[in-house]
Amino acid sequence: MIDLYSARTTNGLRASIMLEELGLPYRVHAVDFDADNATKPAEMMAVNPAGSIPVLIDHETGVSLSQSFAIMLYLCEKTGRFLPQEPVARAQVLQWMSFVMTDVISATHPIFVLTSELKDTPEPIIRHYEARLMRFLGQADAQLGRTPFLAGDEISVADFALYPTAAFRQKLLDRVGGVPNLRRWLTEVGARQGVARGMAVPETPAH
Ligand SMILES: N[C@@H](CCC(=O)N[C@@H](CS)C(=O)NCC(=O)O)C(=O)O
């Protein structure tokens, strides 16, 4: 059995989307990640003293992990799915996975901080970071014009990594327009049962 400590943020959703897509049984523990670390579940804090979600404990293998990137790769390796073994195909998937986890997230994080955590951020500063994010999403769009999924013909862990981050920026995409291939991909990936189920985890937020 797997325990997942999570919340409905893009990092948490990456873990639950993977678990749902792979059909692995798990228990979810909703965490209020903004709360004082002293109030967070002890089992989770033992794995990740920083107190950030997601945290995954796999009792079958004895592995305990934080970091959504590592959790996604671990689940792929455990099941042999969504991350090819063949070196060239694997390198392509890891390239797009790195693109999501470093380039795209480095652009979305400032937008989150400037619009949700800080008040009265001047509009040009927000627009600057939105334009930076759109440059990266434009890169994904160009790739998705060439291949159905980020790393080629098959859906991979890289697509599941990008999905919650791109889906959470739907309003920006609607305002800016363009990126037709990314929109096609968002519809297709979002229609998958595993993705839809993963996006709704945990059902009830922690308080
Ligand atoms: N690099 C980490 C980031 C994890 C992270 O920042 N989680 C946030 C929620 S999305 C959190 O728990 N923040 C509260 C804290 O750090 O105390 C990952 O990919 O899992």
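Predicted, not measured: the structure shown is a model, and the values here were computed from it. (Residues numbered from 1 in each chain as written. Predicted model: local features only at pLDDT ≥ 70, side-chain atom pairs only at ≥ 80, totals over all residues. Heavy atoms only, no water.)

Here we look at the site of the ligand
Close contacts around the ligand come from Thr9, Asn11, Phe33, Lys40, Ala50, Gly51, Ser52, Ile53, Pro54, Gln67 and Ser68, and that covers them all. At 2.7 Å from a nitrogen atom of the ligand is found a side-chain nitrogen or oxygen belonging to Gln67. One of the side-chain N or O atoms of Ser68 is found 2.7 Å from an oxygen atom in the ligand. Bound to the protein, the ligand loses 67% of the 510 Å² it would expose on its own. (Near = heavy atom within 4 Å. Polar contact = N/O pair within 3.5 Å; in protein donor to acceptor, adjacent residues only side chain to side chain. Areas by Shrake-Rupley, 256 points an atom, 1.4 Å probe, with all protein chains shown as cover.)

Examining helix α4 (residues 87-117)
Three or four residues apart is the spacing at which side chains of an α-helix point the same way, because the helix has 3.6 residues per turn. Between its first and last C-alpha, α4 extends 42 Å over 31 residues, near the 45 Å set by a 1.5 Å rise per residue. Largest kink in α4: about 45 degrees, centred on Ile105. Between the side-chain oxygen at the start of α4 and the backbone nitrogen of Val88 there is a gap of 3.2 Å, and the oxygen is on Glu86. (Helix = DSSP H or I, 4+ residues; strand = E, 2+ residues; numbered from the N terminus. Expected span 1.5 Å × (residues − 1). Bend = angle between axes of the 7 residues up to and from the residue.)

Section: the packing of helix α5 (residues 123-146) against helix α8 (residues 180-190)
Interhelical geometry of α5 versus α8 gives an angle of 80 degrees and a closest axis separation of 7 Å. By the criterion of interaxial angle, the relationship of α5 to α8 is roughly perpendicular. For the pair α5 and α8, contact is made by Leu137, Ala140, Asp141, Leu144 and Gly145 and by Pro180, Asn181, Leu182, Arg184 and Trp185, respectively. Among the residues making up the contact of α5 with α8, the classes are represented as 6 nonpolar, 2 polar and 2 charged. (Axes fitted to C-alpha atoms, helices over the stretch in contact; angles between N-to-C directions. Parallel < 35°, antiparallel > 145°, perpendicular 65-115°, else oblique. Contact = heavy atoms within 4.5 Å. Nonpolar A, V, L, I, M, F, W, Y, C, P; charged D, E, K, R; others polar.)

As for the domain arrangement of the protein chain
Assigned domains of the protein chain: these are domain 1 (2-81) and domain 2 (87-192). Taking only C-alpha atoms, the centre of domain 1 and the centre of domain 2 are 22 Å apart. Every contact between the two is made by 14 residues of domain 1 and, on the other side, 15 residues of domain 2. For the pair domain 1 and domain 2, the summed buried surface comes to about 1,200 Å²; carbon and sulfur atoms form 74% of the total. It is Arg14, Glu21 and Phe69 that lose the most area in domain 1 upon contact with domain 2, and together they represent 43% of the buried surface on that side. In this structure, the connection of domain 1 to domain 2 is made through 2 salt bridges. The closest approach of N and O atoms between Glu21 and Arg192, which form a salt bridge, is 2.6 Å. In this assembly, domain 1 and domain 2 are joined by 4 residue pairs in polar contact (both at pLDDT 80 or more). (Domains from an automatic or database assignment. Buried area = accessible area lost by both parts, 1.4 Å probe. Salt bridge = Lys/Arg side-chain N within 4 Å of Asp/Glu carboxyl O.)

A short note on the pattern of salt bridges
Under the defined criterion, the tally for this structure stands at 11 salt bridges. Close ionic contact of Lys78 with Asp58 constitutes a salt bridge, the shortest N to O distance being 2.8 Å. In this pair, Lys78 sits in helix α3 (residues 68-79) while Asp58 sits in strand β3 (residues 55-58), placing the two residues 20 residues apart along the sequence. Between Glu77 and Arg90 there is a salt bridge, with its nearest N and O atoms 2.6 Å apart. Of this pair, Glu77 sits in helix α3 while Arg90 sits in helix α4, and the two are 13 residues apart along the sequence. Taken together, the shared-partner salt bridges in this structure form one network comprising Glu123, Arg127, Glu130 and Arg175.

Considerations on the nonpolar core
Met18, Leu75, Leu162, Tyr163, Leu182 and Trp185 are the most contacted members of the largest nonpolar core, which has 56 residues in total. Among the elements that make up this core, the one with the highest residue count is α4 (10 residues). There are two domains that each give this core at least three residues, and those are domain 1 (2-81) and domain 2 (87-192). (Core = buried A, V, L, I, M, F, W, Y, C linked by side-chain atoms within 4.5 Å. Buried < 20%, exposed > 50% of the residue type's maximum accessible area, 1.4 Å probe, protein only.)

Topic: the sheet that holds β3
What the 4 strands build is an open sheet, ordered β2-β1-β3-β4; its pairing is mixed. The two strands at the open ends of the sheet, each matched to only one other strand, are β2 (26-30) and β4 (63-66). Neighbour-to-neighbour, the strand axes of this sheet turn through a mean angle of 15 degrees, independent of strand direction. Both strand β1 (residues 2-6) and β3 contribute to a ladder of 4 bridges, which runs antiparallel. Along β3, the bridge assignment pairs Tyr5 with Val55. Along the sheet face, helix α1 (residues 10-22) touches β1, β2 and β3 and points at about 150 degrees away from the line of β1. This element, α3, spans β1, β3 and β4 of the sheet and lies at about 145 degrees to β4. (Pairing = 2+ DSSP bridges.)

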